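As a plain string of letters, each chain reads:
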Amino acid sequence: MTEDLSPIQTVPDPVLSERELPLRRTFYPLGYPLVLETNSHDVIQAAEEAWGATEQMFAVEPVRVCLGVVEGDSESPLPVVPVYRAREHLMSIMAGPENFMLCDFHRGFAFGWVTRSTAADHPLLRYQFLTAGAATLGEQRALAPLHGALVTRSGTGVMLCGDSFAGKSTLAYACARAGWTYVSDDSAFLVRDHEDRYAIGEPYSIRFRTDAPDLFGELANHLPTVRPNGKIGVEVPTRDLGISTAPGCVVDHVVLLDRRPPDQPVPASIHRCAADRFREDWVRCASLGTADIRAAQRRCHERLLRAGLWEMRYSHLDDAVGRLERLVDGGA
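The structure presented is a predicted model; accordingly, all values stated were derived computationally and were not measured. (Residues numbered from 1 in each chain as written. Predicted model: local features only at pLDDT ≥ 70, side-chain atom pairs only at ≥ 80, totals over all residues. Heavy atoms only, no water.)

Caption draft 1: A look at the overall build of the chain. The secondary structure content of the chain amounts to eight helices and 20 strands. Against the globule reference of 20 Å for 332 residues, the chain gives a C-alpha radius of gyration of 21 Å, in line with a compact fold. Of all 332 residues assigned to the chain, the portion counted as buried reaches 51%. Considering only residue pairs separated by 6 or more positions, the chain has 70% of its internal contacts joining residues 24 or more positions apart. Looking at the chain as shown, the accessible area adds up to about 16100 Å², and 50% of this sits on carbon and sulfur atoms. For the chain, the separation between the mean place of its 34 positive charges and that of its 44 negative charges on side chains is 7 Å. (Helix = DSSP H or I, 4+ residues; strand = E, 2+ residues; numbered from the N terminus. Rg over C-alpha atoms; globule rule 2.2 N^0.38 Å. Buried < 20%, exposed > 50% of the residue type's maximum accessible area, 1.4 Å probe, protein only. Contact = heavy atoms within 4.5 Å. Areas by Shrake-Rupley, 256 points an atom, 1.4 Å probe, with all protein chains shown as cover. Lys, Arg positive; Asp, Glu negative; His and termini not counted. Charge placed at Lys NZ, Arg CZ, Asp CG, Glu CD.)

Caption draft 2: Looking closely at helix α1 (residues 41-51). Burial in α1 covers these residues: V43, I44, A46, A47 and W51. For α1, the angular spread of buried residues about the axis comes to 165 degrees, placing them on one side. Looking at the buried positions of α1, the neighbouring elements they touch are β1 (23-27), β2 (34-38), β3 (63-70), α2 (116-120) and α3 (122-142). For α1, the N-terminal cap is S40; the gap from its side-chain oxygen to the backbone nitrogen of D42 is 3.1 Å. (Arc of directions from axis to C-beta. Polar contact = N/O pair within 3.5 Å; in protein donor to acceptor, adjacent residues only side chain to side chain.)

Caption draft 3: View of the pairing of strand β20 (residues 308-314). Extensive coverage of β20 is indicated by the burial of six of its seven residues. Two elements, strand β18 (residues 248-259) and β20, share seven bridges in a ladder whose sense is parallel. Across the sheet, V254 pairs through a bridge with L309, a residue of β20. Here strand β19 (residues 269-272) runs beside β20; their pairing, made up of four bridges, is antiparallel. Bridge pairing in β20 places S269 opposite R313. (Pairing = 2+ DSSP bridges.)

Caption draft 4: A look at the environment of F100. Along the chain, F100 falls in strand β6 (residues 100-104). Remark: the alpha-carbon pair of F100 and Y84, spanning 16 residues in sequence, is separated by 9.9 Å. Those residues in contact with F100 that lie beyond four places of it in its chain are I93, M94, F111, G112, W113 and F129.

Printed below as a string of structure tokens:
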């Protein structure tokens, strides 16, 4: 389909403030309503790929995003990592003069322009603009972000934390294969107005490292790809994996992962962990927005410290899953 990106202008419009964005759809990233306005079917399709399966969870005023597409003067590739800058209630995403987004957290509004080639690259558009910018509007209004995977067993939620290569996504999937319910692989969001540590995730896909097919035979036909952040990995829709999923759960246990090399195996073991080990990491997650919003997010993080706080040392997945099951079923 050929898109008309240059409608006839009846008055000078050097800053594109009057350029029509006739396509309009409502999506629900993280369960919150977002009205997207654009002049490109590519933008709508990319948003559908990102949020089409997500249902509304919260009845609140929608945020609004205007993302237009223009013919670019230069069709050179975008930088792997755009420049993100924020101050108080404003954030910018800059990937050169022709690809950008500006977000106003206070008003729940964002606008930007990208070139036709950027819009046609749906994974890049989703990762660098729609998720990083548009979805952040809802996060700022009501959520507290966290870095960790989230799974639940018999109504008990467990968040798996740790640095890169700690095995969060891999262990979350191993739990799901063993009958747990999968919520998220690398990020979770506490709902700030809930006192019960309720967190939501993104249960529609799992992102693995390239060695995942060696661990799980059913992933053998899923080829690694270069993600928009430059990392190589395997992304698989959860609908293709035959596992149970849920949009969120109450977090009852937080487990810091200490994975040891398989050639130096240790039995899976769990012991109590000091709150400061988690608090230091969570402070980095509350880096956007006004001082009031960041303080509200930190207060939400402090509530999470009422959960069971643990560190688990392990080498083998089956052993780790079994130890987590004993934690959930027996409390330690």
